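Here is what each chain is made of, one letter per residue.
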Amino acid sequence: DFQHFREMGKEALQRGDTPRAVAAFLKGLDAARASGSDADLALALTNVGHGFLRAGRYHTARRYLEEALRAETRRGRCRRSSATFPAQTAEQRGTT
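Nothing here was measured: the structure is a model prediction, and the numbers come from that model. (Residues numbered from 1 in each chain as written. Predicted model: local features only at pLDDT ≥ 70, side-chain atom pairs only at ≥ 80, totals over all residues. Heavy atoms only, no water.)

**Q** Looking at this structure, I do not really get the packing of aromatic side chains. What am I missing?
**A** The final tally for this structure, using the stated rule, is 1 aromatic pair. Pairing Phe52 with Tyr64 gives two aromatic rings, centres 5.6 Å apart and planes at 20°, and the pair type is stacked. Placement of the pair is Phe52 in helix α3 (residues 38-54) and Tyr64 in helix α4 (residues 58-74), with a sequence separation of 12 residues. (Phe/Tyr/Trp six-rings, centres within 6.5 Å; stacked < 30°, edge-to-face > 60°. Helix = DSSP H or I, 4+ residues; strand = E, 2+ residues; numbered from the N terminus.)

**Q** What is the right way to look at the pattern of salt bridges in this model?
**A** Side chains carrying opposite charge are able to pair once their charged atoms draw close together. Counted according to the given criterion, the structure contains 5 salt bridges. In this structure, the salt-bridge partner of Asp17 is Arg20, at a minimum N-O distance of 3.0 Å. (Salt bridge = Lys/Arg side-chain N within 4 Å of Asp/Glu carboxyl O.)

**Q** Before we go on, may I ask you to explain the packing of α3 against α4 in this structure?
**A** Helix-helix packing: each pair is described by the crossing angle between the helix axes and the interaxial distance. Close contact between α3 and α4 brings their axes to 8 Å; oriented N to C, the two are set at 160°. In terms of orientation, α3 lies roughly antiparallel with respect to α4. Considering how the two elements wind past one another, α3 and α4 form a crossing that is left-handed. In this structure, α3 uses Leu41, Ala42, Leu45, Thr46, Val48, Gly49, His50, Phe52 and Leu53 to contact α4, whose residues at the interface are Tyr58, Thr60, Ala61, Tyr64, Leu65, Glu67, Ala68, Ala71, Glu72 and Arg74. When grouped by side-chain class, the residues that make up the contact of α3 with α4 number 12 nonpolar, 4 polar and 3 charged. (Axes fitted to C-alpha atoms, helices over the stretch in contact; angles between N-to-C directions. Parallel < 35°, antiparallel > 145°, perpendicular 65-115°, else oblique. Left-handed = near helix turned anticlockwise from the far one by under 90°. Contact = heavy atoms within 4.5 Å. Nonpolar A, V, L, I, M, F, W, Y, C, P; charged D, E, K, R; others polar.)

This is the structure in structure tokens:
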């Protein structure tokens, strides 16, 4: 079950055991994909991405985090693209 593997991964990260955390998060991702839950899928992808960040595998992390962003966008959770957000923020601050 996704939550079981997520908790295992979080505990491993707290102990500093990044390889074990990534392995647990990847198993959780498999479970999330099998469940069909978009919410679990987005969270699982974020967990895997975070695990790879902690492992220093930045390109791999980015791939999972970008997929998580796409999953959240499909769910209607992300309303602004990352390309427009900085420009809108600058406009709001009056710095453009």
